[in-house]
Amino acid sequence: MSAATSSPTALKTPGSDSHSGPTLSLTLKIWRQKDTNSPGELKTYEVKGISTHMSFLEMLDVLNEQLVQKNEEPVAFDHDCREGICGMCGVMINGQAHGPDLTTTTCQLHMRKFRDHDTIVIEPWRAKAFPVIKDLVVDRSAFDRIITTGGYVSINVGSAPDGNAVPVPKENADQAFDAATCIGCGACVASCKNASASLFVSAKVSQLALLPQGEPERVRRVQRMVAQMDKEGFGGCTNTNECEAACPVGIKVENIARLNREFLRAKMITR
Amino acid sequence: MNGLKWLWTLIYGDSSIGRKARIAITGLLMCGFLVSHLAGNLLLFKGDDGESYNNYAKFLHSGEMEAVVAGAEVGLLVLFGVHLLLALVTTRENTAARPTGYAMKQSKQGDSMLAAPAYNVMLLTGVVVFAFLVLHLVDFRFRARGSSHEPAHVVEKVDAAHANKHQPITRTDAIRLLRDPLTSGVYLVGCLVLGYHLVHGFYSAFQTLGFNHPRYTPKLRLLSIVFAIVIGVGFAIFPVWAHFVTIPGDAPAAPPGATATTP
Ligand code: HEM
Ligand code: FES
């Protein structure tokens, strides 16, 4: 998952390779935890010669190469696309989800955002509903279970209709699209003081509530997804709006208002 | 027990969103009460020897109004109780949602320069408001606190009023009560803290109830701050003002400035 992909023996000393330009020496304080049930702790590591052109994950790769060379266990962290679209990466960097940049995933964060001799604290997402699997990797299957309860269209809507056969107002199409850009990384939960999943659930409810294909299951969907959200042990929304600031794709809390609206409406008209 | 289940569900709700909506509705209704309460209090400023204020008080205590006021009192108590109960439940759940905290946590919201933004201290400000309200009700509703700091002839008068709890509090009594050092201090802090609760509360309630619009929400946030200041500072003025106004029974040498506020 996270360990160095290339053979450690083929490595040059980090920093002495082809990267040009200024390099950084950093102190990393990283959460290490063997498995879900073991206690964890912050451990301190030094890395040198980090190119400012590197991404944050590449910097962690350098650290892991060092650790492997020293026969130590590399730091486990989640990642997949490394281009900001999959939502797998995501750690707390100095107490901020995905680090200091707005609308940026950890994999897209560049080391030039840091200064030489900085200390960087790296922790996993923290929430009762996101148990730590190992080190910086958390179990986000609670999100999957929420989707399972209704985050889809289960009726047969046929094959792709003619472009103009199903009228959708431009505003709705735009808002549905914006909501659909949620990559499910969990930064909203991680940054919220209540570990609330409201922003995630609201995006997933909104993208369907705004479109005709979502209409037949609109009332049932929102109630089931909210019930599952509560059951998973996420907190409730107190409109702090920290999630919006932390979201790497800029999902807006406007969606949470829509979630509340959809939910209250559903409660009133459901039979 | 089962017979009361519907009542429990009505108060408690069955989802985090439903509970939050109840907090919002009870909060907004209490805001409505605060507006009418502040409007009534403004009559204290009228320099007609308390005629307007006393008449207003008499009206509220009159036969026709008795049932209305009693109903309003019960209603407010229920609103307050539900708000408080659900706020505690919600806060407890929200705390439980993150059993292990972060070694380091920083906001990514650039705009909040305050060390304790209103949304982070809602329970704390709420509890301070609760404490203030207890004292306020003891003083003004139940008139249960003595007035030993006042000169003897005044104590006699105030205690006589205390004895007859159905007698409305007059403007003079109200000002005397407000001059009590404990009352002054707690009311001043309590009202300002209530204002801070509303800085977030007023705006938040709309979002909770599903209202958010790119054009109106920024204006609503501003309105929330204005509303909070009007309510917070509006009520907080009275315990300060009480020290500068002259009422019957005051020593003739009134403090300077008194004449400015009481024509
Ligand atoms: C015992 C005293 C009180 C306590 C403990 C209390 C506590 C709380 C808490 C914990 C919240 C949720 C905060 C959040 O959304 O982050 C809240 C919201 C609110 N409170 Fe209070 N409160 C009290 C009194 C009042 C009073 C007297 C008013 C108004 C007159 C009020 C108005 C509101 C409003 C409008 C909200 C917003 C609801 C929402 O966010 O949807 N509260 N209160
Ligand atoms: S690794 Fe895919 S979004 Fe960062």
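Quantities reported herein were computed from a predicted structural model and do not represent experimental measurements.

Calculation notes
Residues numbered from 1 in each chain as written. Chains lettered and ligands numbered in written order. Predicted model: local features only at pLDDT ≥ 70, side-chain atom pairs only at ≥ 80, totals over all residues. Heavy atoms only, no water. Donors = N, O, S within 2.8 Å, 3.2 Å for Na, K, Ca; no water. Tetrahedral: all angles 85-135°; square planar, octahedral: opposite > 155°, others 65-115°. Helix = DSSP H or I, 4+ residues; strand = E, 2+ residues; numbered from the N terminus. Buried < 20%, exposed > 50% of the residue type's maximum accessible area, 1.4 Å probe, protein only. pLDDT = per-residue confidence, 0-100. Contact = heavy atoms within 4.5 Å. 1 Å grid on protein atoms, 1.4 Å probe; cavity = no way out; pocket = protein on both sides within 12 Å on 5 of 7 lines; lining within 4 Å. Points joined across faces, edges and corners; volume = space filled by probe spheres on them. Nonpolar A, V, L, I, M, F, W, Y, C, P; charged D, E, K, R; others polar. Expected span 1.5 Å × (residues − 1). Buried area = accessible area lost by both parts, 1.4 Å probe. Salt bridge = Lys/Arg side-chain N within 4 Å of Asp/Glu carboxyl O.

1. Focus: the coordination of the iron atom of ligand 1
Residue and element names in this part refer to chain B.
Then, in step 1: Coordination of the iron atom of ligand 1 by the protein involves H83 (NE2) and H197 (NE2), with metal-donor separations of 2.0 Å.
Then, in step 2: Here the iron atom of ligand 1 is ringed by 6 donor atoms whose angles at the metal span 87 to 179°, and the overall shape comes out octahedral. Highlighted residues: H83 in helix α4 (residues 63-96) and H197 in helix α8 (residues 181-208), separated in sequence by 114 residues. Taken individually, H83 and H197 each receive the classification buried, so the pair is uniform in this respect.

2. Regarding the confidence of the model for chain A
Then, in step 1: Mean pLDDT over chain A stands at 92; residues scoring 70 or higher make up 93%.
Then, in step 2: This stretch, residues 1-17 of chain A, has a pLDDT under 50; its non-local contacts, to residues over four places away or in other chains, come to 23 contacts.

3. Section: empty space enclosed by the protein
Then, in step 1: Applying the stated rule across the entire model yields 8 cavities of 30 Å³ or more.
Then, in step 2: Counted as a void, the largest cavity has a volume near 130 Å³.
Then, in step 3: Every residue lining the largest cavity is counted, 14 residues in all, and those nearest its centre are G236 and C237 of chain A together with S16, I17 and K20 of chain B.
Then, in step 4: Looking at the lining of the largest cavity, the elements that each hand over two or more residues are α8 (254-269) of chain A together with α2 (16-42) and α4 of chain B.
Then, in step 5: Residues belonging to the lining of the largest cavity are distributed by class as follows: 4 nonpolar, 8 polar and 2 charged.

4. Considerations on α4 of chain B
Residues and elements named next belong to chain B.
Then, in step 1: Relative to the 50 Å expected for 34 residues at 1.5 Å per residue, α4 spans 50 Å between its end C-alpha atoms, a close match to the ideal helical length.
Then, in step 2: Listed in full, the buried residues belonging to α4 are M65, L79, V82, H83, L86, A87, V89, T90 and N94.
Then, in step 3: Looking at the packing, one finds that the buried side of α4 touches α1 (5-12), α2, α3 (51-60) and α8.

5. Quick notes on the interface of chain B and chain A
Then, in step 1: Opposite the 35 residues of chain B that make contact, chain A presents 50 residues.
Then, in step 2: Here chain B and chain A share an interface that buries about 3,300 Å² over both sides, 49% of which is from carbon and sulfur atoms.
Then, in step 3: On the chain B side of the interface with chain A, the three residues burying the most area are I17, Y102 and K108 of chain B, jointly 23% of the side's total.
Then, in step 4: For the interface between chain B and chain A, the tally reads 1 salt bridge.
Then, in step 5: We note a salt bridge from K267 of chain A to D14 of chain B, for which the minimum N-O separation is 3.5 Å.

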